[in-house]
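In case you want the letters, here they are:
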Amino acid sequence: MSNEKFTPSGIPLKPVYTAKDIADLNPETDIGEPGKFPFVRGIYPTMYRQQPWAIIENTGFDLAADTKKRTQMYIKAGAEHYFNRGSVHLVFDLPTLYGYDSDYPGISYEVGKNGVHISSLRDMEELFADYDLEKTHVSFVPYGVSPIIFAMYLALAEKRGVSWDKLSGAIDNCPLLGPLGENCVIFPWEPTLRLVVDTIKFGIKNVPRFNLLVIPVYSVRERGGSAIHEMAIGLAIGRLVMEKIVKAGIKPADLSSRFLFFLSIDNHLFEEVAKLRALRKLWAQIMKNQFDITDPRVTAIRLYVMPGGSTLQAQQPLNNIVRCALHGLVGALGGVQVMGMPAYDEAIGIPTEAAGRLAVHTQRIIMHETGVTDVADPLGGSYYIEWLTHRVEVEVQQYLDKIDKMGGYVAALESGYLLSEIDAAAFRQQEQLQKGEKLVVGVNILHEEPVQGEVFRYDATTASRALERLKALKQQRENSRVAQALESLKAAAAGQGEVMPAILDAVSAYATVGEV
């Protein structure tokens, strides 16, 4: 094996770094201080002394009532968002993500798999039965159906008499990765971007405490891309959305504090910390230089991370407890604002309750027992970290320039360039694993006989229960009102005005995801 060392992104590393390696960096302009532009060292002056990161846990399987039990368990275990709000973070099954109801032909097997099945406002009512919406932070990850799911939650609050300005949460609202990520693009690009912007505009006007955009480049890493791909693609999407909202008459300052980048944490501790530090700087510079933002606070970006599911291994799954803990430490050292934590058995399936509870407790141990929250940017000033942060920044800027030369993000995506780059990176990773150039315990070294532990089992009646609920809904609702609302929605979509109010009217009448 060669003695040469590289980061997973291909950056060559020396054995030792000294002051000479960062001699060209200006401590004030290139690095700065925590809470000050360009925010390399964090977005708050005292970081976690001021506010620890929010703890979330992905939840979603079977139907609403099944998922609700798990969300309640996670809150009891310590899943908590800012201001002591219980944290609910929901993922959806493929039928919901692609806009299908449970009665659509050929999809029954997928109902409730890898996410909760939501068809109507009635499901949303069951999902949040007994929840105090004012004391709960709810995050949704519905990609292309974001406007519909957001509207259902708002309709739920309205039915309960809860003012929208009391709601706290986040809507993903970013189906823009296409084949680079979840591939949940339902409409062509221009209508998709129209819905993204329309949802943002409606939220800014009516729901002041909701985050309205989460750019999920986590999926780029899961597909095999490098940290450089992840960052450059995220920045390119962020710029694209900002350009669109400016054209729609929205000020960047109105959105800047209400969106996040969602990134993966991979195995290389130091490159991952450097990535988070460099991303804050690059975004701050984009906001200042491209959008003429003079208020430094508006140029700060919040980061949400989760250890990469692809780094977890089905072989010897208990080893994943260590991997997740180290990844969580990376997030804390990198100064993130929101962190999720996979359970150690997620390489096998939906987490068991015990594994999910341990994932929440892992974050609490990092937060309360390691001292990592005592000092802002504890790795700041390290010769190696500062050099690597700058090198990652340079590499990402060069990649971003390539995307610009192709005509921007959409052009680079449609040309197939970005997908071919990520596919090539994924192939290299697999090749390194097979050749033994990359060592993974339990996979290509230190094999052991597999031990069968407890695994999650789906309810075999999920699809039939979903069909029964849907049939009952269509019999009990006022179908003439539904038809009228859908006609109004069709007219709004065909015109140039806002679509969100029409979506809200439709879901309030109990129109389904598929119908909308």
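Within each chain, residue numbers correspond to sequence positions counted from 1 in written order. In view of the model being predicted, local features appear only for residues whose pLDDT reaches at least 70, and side-chain atom pairs are presented and counted only at 80 or more, with totals across whole chains, interfaces and linings using the full set of residues. To obtain the side-chain values, all non-hydrogen atoms of the structure were used and water was disregarded.

1. Details of the overall build of the chain
Then step 1. Elements are defined by DSSP. Helices are runs of H or I of four residues or more, strands are runs of E of two residues or more, and each kind is numbered from the N terminus. When you go through the chain residue by residue, the secondary structure sums to 18 helices and 13 strands.
Then step 2. Only C-alpha atoms enter the radius of gyration; for comparison, a globular chain is expected to reach 2.2 Å times N to the power 0.38, where N is the number of residues. Taking 516 residues into account, the globule formula puts the C-alpha radius of gyration at 24 Å, and the chain, at 23 Å, falls close to it.
Then step 3. Dimensions of the chain along its principal axes, counting C-alpha atoms only, are 75 × 60 × 45 Å.
Then step 4. Each residue gets one of three labels from its accessible area relative to the maximum for its type: buried under 20%, exposed over 50%, partly exposed in between, using a 1.4 Å probe on protein chains only. Every one of the 516 residues in the chain was classed for burial, and the buried ones make up 55%.
Then step 5. Considering only contacts within the chain whose residues lie at least 6 apart along the sequence, 78% involve residues at least 24 apart.
Then step 6. Surface accessibility of the chain: about 21900 Å² in total, with carbon and sulfur atoms responsible for 53%. Residues count as neighbours in contact if any of their non-hydrogen atoms are within 4.5 Å of one another. Here the Shrake-Rupley method, with its probe set to 1.4 Å, supplies the accessible areas, and only the displayed protein chains count as covering residues.

2. Here we look at the nonpolar core
Then step 1. Counting 141 residues, the largest nonpolar core has Phe128, Phe140, Leu167, Ile233, Phe261, Tyr409 and Leu418 as the members making the most contacts within it.
Then step 2. The greatest single-element share of this core, amounting to 11 residues, is contributed by helix H8 (residues 227-247).
Then step 3. Those residues in contact with Tyr409 that sit more than four places away from it in its chain are Leu176, Leu177, Leu180, Trp189, Ile233, Ala236, Ile237, Leu240, Ile403 and Leu418.
Then step 4. Take the buried Ala, Val, Leu, Ile, Met, Phe, Trp, Tyr and Cys residues and link them wherever side-chain atoms come within 4.5 Å; each set so joined is a nonpolar core. Counting residues in hydrophobic clusters, the runner-up holds 11 residues, among them Ala170, Tyr218, Leu260 and Val338.

3. Notes on unusual backbone geometry
Then step 1. Cis rather than trans, the peptide bond between Phe37 and Pro38 has omega equal to 5°.
Then step 2. On the secondary structure map, Pro38 appears in the loop between helix H1 (27-31) and strand S3 (54-56).
Then step 3. Phi is positive for Phe39, close to 65°, though the residue is something other than glycine.
Then step 4. Residue placement: Phe39 occurs in the loop between H1 and S3.
Then step 5. A positive phi angle is found at Gln316, which is not glycine, with a value near 50°.
Then step 6. In this structure, Gln316 sits in the loop between strand S12 (302-307) and helix H11 (319-333).

4. Here we look at the pairing of S12
Then step 1. Across the 6 residues that make up S12, a large majority, 6, are buried.
Then step 2. A strand pair is defined by DSSP finding two or more bridges across the two strands. Bridge analysis of strand S11 (residues 259-265) against S12 gives 6 bridges, and the strand direction is parallel. Paired with Phe261 across the bridge in S12 is Leu303.
Then step 3. Every crossover in which the path from the first strand over the helix to the second runs clockwise, viewed with the strands pointing away from the viewer, is termed right-handed. Each parallel crossover has a hand, and the one from S11 via helix H10 (residues 269-289) to S12 is right-handed.
Then step 4. Pairing of S12 with strand S13 (residues 338-340) involves 2 bridges; the strand directions are parallel. Note on S13: the bridge partner recorded for Tyr304 is Val338.

5. With respect to empty space enclosed by the protein
Then step 1. Throughout, the protein atoms alone are placed on a 1 Å grid, and a set of points is a cavity if a 1.4 Å probe fits but cannot get out or a pocket if it is open with protein on both sides within 12 Å along at least five of seven lines; lining residues have an atom within 4 Å of a point. Grid points are joined across faces, edges and corners, and a volume is the space filled by probe spheres set on the points. Counted according to the given criterion, the structure contains 6 cavities of 30 Å³ or more.
Then step 2. In terms of lining, the largest cavity is formed by Leu63, Ala64, Ser102, His117, Ser119, Ser120, Arg122, Asp123, Ala466, Arg469, Leu470 and Leu473.
Then step 3. Elements with a minimum of two residues in the lining of the largest cavity: helix H4 (121-127) and helix H16 (462-476).
Then step 4. At 4 residues, H16 tops the list of elements feeding residues into the lining of the largest cavity.
Then step 5. The residue inventory of the lining of the largest cavity, partitioned by class, reads 5 nonpolar, 4 polar and 3 charged.
Then step 6. Looking at the second largest cavity, its volume works out to about 70 Å³.
Then step 7. Surrounding the second largest cavity, Tyr143, Gly144, Ser146, Pro147, Asn173, Pro175, Cys184, Ile186, Phe187, Thr192, Leu195 and Val196 form its lining.
Then step 8. At the level of elements, helix H5 (146-160) and helix H6 (189-206) are the ones that each hand at least two residues to the lining of the second largest cavity.
Then step 9. Top contributing element to the lining of the second largest cavity by residue count: H6, with 3 residues. Ten residue types, Ala, Val, Leu, Ile, Met, Phe, Trp, Tyr, Cys and Pro, are classed as nonpolar, four, Asp, Glu, Lys and Arg, as charged, and the remainder, Gly among them, as polar.

6. Overview of the sheet that holds S13
Then step 1. Within the open sheet, the 5 strands sit side by side as S3-S13-S12-S11-S10. Their pairing is parallel. Edge positions in the sheet fall to S3 and strand S10 (213-216), since each of these pairs with one other strand and no more. Each neighbouring strand pair of the sheet contributes to a mean axis angle of 25°, computed without reference to strand direction.
Then step 2. Relative to S13, S3 runs parallel, the two being bridged by 3 bridges. Bridging from a neighbouring strand, Ala54 pairs with Val338 of S13.
Then step 3. Sheet strands touched by helix H12 (residues 353-369): S3 and S13. Its angle to S3, the strand with the most contacts, is close to 160°. What counts as an axis is a line fitted to C-alpha atoms, over the stretch in contact for a helix, and the angles between N-to-C directions run from 0 to 180 degrees.

7. Focus on the side chain of Thr389
Then step 1. Turning to its location among the elements, Thr389 is positioned in helix H13 (residues 383-405).
Then step 2. For Thr389, the side chain forms a polar contact with the main-chain oxygen of Ile385, separated by 2.7 Å.
Then step 3. If near-sequence neighbours (up to four positions away) are discounted, Thr389 is found in contact with Val40, Ala274, Arg277 and Ala278. Think of a polar contact as two N or O atoms within 3.5 Å of one another; within protein, one of them needs to be a possible hydrogen donor and the other a possible acceptor, and neighboring residues in sequence only count if both atoms come from side chains.

8. Regarding the pattern of salt bridges
Then step 1. Salt bridge, as applied in this entry: a Lys or Arg side-chain nitrogen positioned within 4 Å of an Asp or Glu carboxyl oxygen. Tallying each qualifying case throughout the model produces 31 salt bridges.
Then step 2. Residue Arg364 is joined to Glu80 by a salt bridge in which the shortest nitrogen-to-oxygen separation is 3.7 Å. Here Arg364, found in helix H12, pairs with Glu80, found in strand S5 (residues 80-81); they are 284 residues apart in sequence, far enough to count as distant.
Then step 3. Of the charged contacts, one joins Arg357 and Glu353 as a salt bridge, the two residues approaching to 3.9 Å between their closest N and O atoms. With Arg357 and Glu353 both in helix H12 and 4 residues apart, this pair spans about one turn of that helix.
Then step 4. By relative accessible area, Glu353 is classed as partly exposed at 42%.

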